[in-house]
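# Inside the fold
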Amino acid sequence: AAHLHQKVRVIYQSVTPLTGRVLKAKTTFDVCVLGHLRPVKDPFRTALAARLLPATSRLRVLHVGKALSDDMAQRAQGEMAENPRYHWLGELPRWQALRVLARSKVLVLSSLTEGGANVISEALAVGVPIVASRIAGSIGLLGAAYPGYFPVQDTVALARLLARVETDLDFYQELHAWCTRLAPLVDPA
(Lines give C-alpha, C1' and ligand atoms only; values in the text may rest on other atoms or scores of the structure.)
Protein backbone atom coordinates (compact mmCIF):
# COMPACT_ATOMS: atom_id res chain seq x y z
CA ALA A 1 0.00 0.00 0.00
CA ALA A 2 1.15 3.52 -0.81
CA HIS A 3 1.14 4.64 2.84
CA LEU A 4 3.74 1.95 3.62
CA HIS A 5 6.22 2.80 0.83
CA GLN A 6 8.35 4.96 3.14
CA LYS A 7 8.96 1.92 5.36
CA VAL A 8 9.99 -0.47 2.60
CA ARG A 9 13.65 -1.36 2.04
CA VAL A 10 14.82 -3.72 -0.69
CA ILE A 11 17.63 -6.04 0.33
CA TYR A 12 19.42 -7.55 -2.64
CA GLN A 13 21.05 -10.97 -2.55
CA SER A 14 24.70 -10.23 -1.79
CA VAL A 15 27.67 -12.00 -3.31
CA THR A 16 31.22 -12.07 -2.08
CA PRO A 17 33.48 -10.98 -4.97
CA LEU A 18 35.96 -13.47 -6.40
CA THR A 19 39.59 -13.21 -5.45
CA GLY A 20 42.37 -13.45 -7.98
CA ARG A 21 42.45 -12.61 -11.64
CA VAL A 22 40.09 -14.28 -14.07
CA LEU A 23 40.96 -14.25 -17.77
CA LYS A 24 38.32 -14.20 -20.50
CA ALA A 25 38.65 -16.56 -23.47
CA LYS A 26 40.33 -14.94 -26.46
CA THR A 27 39.22 -17.20 -29.32
CA THR A 28 35.57 -17.65 -28.31
CA PHE A 29 32.76 -15.37 -27.16
CA ASP A 30 31.68 -17.33 -24.10
CA VAL A 31 28.10 -17.09 -22.91
CA CYS A 32 27.29 -18.62 -19.53
CA VAL A 33 24.00 -20.28 -18.64
CA LEU A 34 24.09 -20.95 -14.91
CA GLY A 35 21.17 -22.95 -13.59
CA HIS A 36 19.89 -26.45 -13.11
CA LEU A 37 18.19 -28.10 -16.05
CA ARG A 38 14.49 -27.87 -15.23
CA PRO A 39 11.56 -26.60 -17.29
CA VAL A 40 11.02 -23.29 -15.45
CA LYS A 41 14.57 -22.25 -16.38
CA ASP A 42 13.94 -22.88 -20.11
CA PRO A 43 17.47 -24.32 -20.04
CA PHE A 44 18.01 -24.98 -23.74
CA ARG A 45 16.81 -21.63 -25.08
CA THR A 46 20.37 -20.28 -25.39
CA ALA A 47 21.56 -23.42 -27.17
CA LEU A 48 18.68 -23.12 -29.64
CA ALA A 49 19.46 -19.44 -30.22
CA ALA A 50 23.14 -20.26 -30.78
CA ARG A 51 22.14 -22.56 -33.62
CA LEU A 52 20.68 -19.51 -35.46
CA LEU A 53 23.88 -17.47 -35.38
CA PRO A 54 25.97 -17.05 -38.53
CA ALA A 55 28.98 -19.28 -39.13
CA THR A 56 31.23 -16.28 -38.41
CA SER A 57 30.04 -16.10 -34.80
CA ARG A 58 32.54 -17.15 -32.16
CA LEU A 59 29.80 -17.66 -29.56
CA ARG A 60 30.12 -20.68 -27.26
CA VAL A 61 27.48 -21.58 -24.67
CA LEU A 62 28.87 -22.87 -21.36
CA HIS A 63 26.00 -24.36 -19.38
CA VAL A 64 26.60 -25.12 -15.70
CA GLY A 65 23.89 -26.96 -13.81
CA LYS A 66 22.64 -30.34 -12.72
CA ALA A 67 20.08 -32.18 -14.83
CA LEU A 68 17.15 -32.74 -12.49
CA SER A 69 15.75 -35.58 -14.61
CA ASP A 70 17.05 -38.26 -16.93
CA ASP A 71 15.16 -36.59 -19.80
CA MET A 72 16.99 -33.30 -19.22
CA ALA A 73 20.37 -35.07 -19.07
CA GLN A 74 19.64 -36.91 -22.32
CA ARG A 75 18.53 -33.69 -23.99
CA ALA A 76 21.72 -31.90 -22.87
CA GLN A 77 23.87 -34.75 -24.18
CA GLY A 78 21.95 -34.75 -27.46
CA GLU A 79 22.28 -30.99 -27.81
CA MET A 80 26.03 -31.23 -27.32
CA ALA A 81 26.24 -33.95 -29.97
CA GLU A 82 24.29 -31.87 -32.52
CA ASN A 83 25.34 -28.33 -31.60
CA PRO A 84 29.08 -27.61 -31.50
CA ARG A 85 28.44 -24.26 -29.80
CA TYR A 86 26.80 -25.86 -26.74
CA HIS A 87 28.84 -27.28 -23.86
CA TRP A 88 27.03 -28.70 -20.85
CA LEU A 89 29.46 -28.77 -17.93
CA GLY A 90 27.04 -30.38 -15.49
CA GLU A 91 26.90 -29.60 -11.81
CA LEU A 92 30.00 -27.87 -10.45
CA PRO A 93 30.91 -26.66 -6.97
CA ARG A 94 29.76 -23.05 -6.51
CA TRP A 95 33.29 -21.64 -6.62
CA GLN A 96 33.93 -23.33 -9.98
CA ALA A 97 30.57 -22.22 -11.36
CA LEU A 98 31.39 -18.63 -10.40
CA ARG A 99 34.74 -18.92 -12.18
CA VAL A 100 33.02 -20.11 -15.36
CA LEU A 101 30.66 -17.15 -15.05
CA ALA A 102 33.50 -14.68 -14.43
CA ARG A 103 35.41 -15.96 -17.50
CA SER A 104 32.34 -15.48 -19.69
CA LYS A 105 31.50 -12.38 -21.71
CA VAL A 106 27.80 -12.49 -20.83
CA LEU A 107 25.28 -14.39 -18.70
CA VAL A 108 22.00 -15.53 -20.23
CA LEU A 109 19.03 -16.00 -17.91
CA SER A 110 16.20 -17.47 -19.98
CA SER A 111 13.80 -18.37 -17.17
CA LEU A 112 10.04 -18.40 -17.60
CA THR A 113 9.63 -16.98 -14.10
CA GLU A 114 11.90 -16.00 -11.21
CA GLY A 115 11.41 -14.28 -7.89
CA GLY A 116 14.78 -12.59 -8.34
CA ALA A 117 17.49 -14.93 -9.57
CA ASN A 118 20.63 -15.25 -7.46
CA VAL A 119 22.58 -15.64 -10.69
CA ILE A 120 21.86 -12.00 -11.55
CA SER A 121 23.51 -10.94 -8.29
CA GLU A 122 26.42 -13.27 -9.03
CA ALA A 123 26.89 -11.81 -12.52
CA LEU A 124 26.77 -8.27 -11.15
CA ALA A 125 29.37 -9.17 -8.50
CA VAL A 126 31.83 -10.62 -11.03
CA GLY A 127 31.30 -7.88 -13.64
CA VAL A 128 29.53 -9.92 -16.32
CA PRO A 129 26.74 -8.27 -18.34
CA ILE A 130 23.37 -10.01 -18.45
CA VAL A 131 20.93 -10.95 -21.19
CA ALA A 132 17.62 -11.98 -19.64
CA SER A 133 14.09 -12.92 -20.51
CA ARG A 134 11.74 -10.05 -19.74
CA ILE A 135 10.20 -11.37 -16.51
CA ALA A 136 9.18 -9.56 -13.33
CA GLY A 137 12.03 -10.95 -11.20
CA SER A 138 14.71 -9.75 -13.62
CA ILE A 139 13.02 -6.39 -14.16
CA GLY A 140 12.92 -5.93 -10.40
CA LEU A 141 16.68 -6.39 -10.19
CA LEU A 142 17.91 -4.80 -13.42
CA GLY A 143 15.26 -2.13 -14.00
CA ALA A 144 12.48 -1.74 -16.54
CA ALA A 145 14.67 0.19 -19.02
CA TYR A 146 17.54 -2.33 -19.03
CA PRO A 147 18.42 -2.90 -22.72
CA GLY A 148 19.39 -6.58 -22.43
CA TYR A 149 15.94 -8.19 -22.34
CA PHE A 150 14.28 -10.54 -24.82
CA PRO A 151 10.68 -11.87 -24.80
CA VAL A 152 10.14 -15.11 -22.88
CA GLN A 153 10.75 -18.23 -25.02
CA ASP A 154 11.59 -16.14 -28.12
CA THR A 155 14.55 -17.98 -29.62
CA VAL A 156 14.87 -15.66 -32.63
CA ALA A 157 14.89 -12.54 -30.44
CA LEU A 158 17.50 -14.09 -28.17
CA ALA A 159 19.66 -15.01 -31.18
CA ARG A 160 19.44 -11.43 -32.46
CA LEU A 161 20.33 -10.07 -29.04
CA LEU A 162 23.30 -12.43 -28.68
CA ALA A 163 24.54 -11.51 -32.15
CA ARG A 164 24.29 -7.85 -31.22
CA VAL A 165 26.11 -8.35 -27.92
CA GLU A 166 28.89 -10.20 -29.73
CA THR A 167 29.33 -7.81 -32.65
CA ASP A 168 28.26 -4.36 -31.41
CA LEU A 169 30.94 -3.16 -28.98
CA ASP A 170 28.97 -0.03 -28.05
CA PHE A 171 25.95 -2.15 -27.09
CA TYR A 172 28.12 -4.58 -25.11
CA GLN A 173 29.69 -1.66 -23.27
CA GLU A 174 26.23 -0.21 -22.56
CA LEU A 175 25.15 -3.47 -20.90
CA HIS A 176 28.45 -3.68 -19.03
CA ALA A 177 28.18 -0.10 -17.75
CA TRP A 178 24.59 -0.66 -16.61
CA CYS A 179 25.58 -3.78 -14.68
CA THR A 180 28.64 -2.06 -13.21
CA ARG A 181 26.37 0.69 -11.84
CA LEU A 182 24.21 -1.98 -10.16
CA ALA A 183 27.13 -4.00 -8.73
CA PRO A 184 27.29 -2.08 -5.41
CA LEU A 185 23.75 -3.32 -4.64
CA VAL A 186 25.07 -6.88 -4.25
CA ASP A 187 28.17 -6.03 -2.20
CA PRO A 188 27.91 -7.80 1.18
CA ALA A 189 28.89 -4.56 2.95
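Residues numbered from 1 in each chain as written. Predicted model: local features only at pLDDT ≥ 70, side-chain atom pairs only at ≥ 80, totals over all residues. Heavy atoms only, no water.

### Some words on helix α7 (residues 169-182)
The criterion, for reference: Runs of E in the DSSP output that reach at least two residues are strands. Runs of H or I that reach at least four are helices, and both are numbered from the N terminus. Each residue after the first adds 1.5 Å to the expected span of a helix. Burial classification: accessible surface area is computed with a 1.4 Å probe over protein chains only, and a residue below 20% of its type maximum counts as buried, one above 50% as exposed, and the rest as partly exposed. It is the directions from the helix axis to the C-beta atoms whose arc is reported. Between N or O atoms, a polar contact is any pair within 3.5 Å; within protein, one atom must be a potential hydrogen donor and the other a potential acceptor, and residues adjacent in sequence are included only when both atoms are from side chains.
In this model, α7 (14 residues) spans 20 Å end to end at C-alpha, consistent with the 20 Å of a helix rising 1.5 Å per residue. For α7, the full list of buried residues reads Phe171, Tyr172, Leu175, Trp178, Cys179 and Leu182. One face of α7 carries all of its buried residues, which in axial projection span an arc of 125°. Opposite the packed face of α7, turned more than 90 degrees from it, sit the exposed residues Leu169, Asp170 and Arg181. With a side-chain oxygen lying 3.2 Å from the backbone nitrogen of Asp170, the N-terminal cap of α7 falls on Asp168.

### Topic: the sheet that holds strand β6 (residues 149-150)
We apply this condition: The rule for pairing is simple: two strands pair if DSSP sees at least two bridges between them. Any two residues whose heavy atoms approach within 4.5 Å at even a single point are treated as in contact. Axes here mean lines fitted to C-alpha atoms, for a helix over just the part in contact, with angles spanning 0 to 180 degrees between N-to-C directions.
As summarised here, the arrangement of the six strands in space is β3-β2-β1-β4-β5-β6, forming an open sheet in which the pairing is parallel. Of all the strands in the sheet, the pair left with one neighbour each is β3 (86-90) and β6. As defined by bridge partners, strand β2 (residues 59-64) adjoins β3 across four bridges and the pair is classed as parallel. Each residue of the ladder has a partner; that of Val61, found in β3, is Tyr86. Here helix α3 (residues 94-103) sits on the sheet and contacts β1 (29-34), β2, β3 and β4 (106-109); the angle it forms with β1, its principal contact strand, is near 145°.

### Re the packing of helix α6 (residues 155-167) against α7
Note the threshold: Note on angle classes: values under 35 degrees are labelled roughly parallel, values over 145 roughly antiparallel, values of 65 to 115 roughly perpendicular, and the remainder oblique. Think of it as three bins: nonpolar holds Ala, Val, Leu, Ile, Met, Phe, Trp, Tyr, Cys and Pro, charged holds Asp, Glu, Lys and Arg, and polar takes everything else, Gly as well.
Where α6 contacts α7, the axes come no closer than 5 Å and their chain directions differ by 100°. Here α6 is positioned roughly perpendicular relative to α7, judged by the angle of their axes. Across from Leu161, Arg164, Val165 and Thr167 in α6, the residues of α7 making contact are Leu169, Phe171, Tyr172 and Leu175. Taken together, the residues of the contact of α6 with α7 sort by class into six nonpolar, one polar and one charged.

### A few points about the side chain of Asp42
Within the secondary structure, Asp42 is located in the loop between β1 and α1 (45-51). Overall, Asp42 belongs to the buried group, its relative accessible area being 10%. A polar side-chain atom of Asp42 sits 2.8 Å from a polar atom in the side chain of Arg45. Apart from the residues within four sequence positions on either side, Asp42 is in contact with Ser110, Leu112 and Gln153.

### Concerning the pairing of β3
So the rule is basically this: Whether a crossover is right-handed depends on one test, that the path from the first strand over the helix to the second runs clockwise when the strands point away from the viewer.
Burial of the side chains of β3 is restricted to one face: Tyr86, Trp88 and Gly90 are buried, whereas none of His87 and Leu89 on the reverse face is. As a crossover connection, the stretch from β2 through helix α2 (residues 70-82) into β3 is right-handed.

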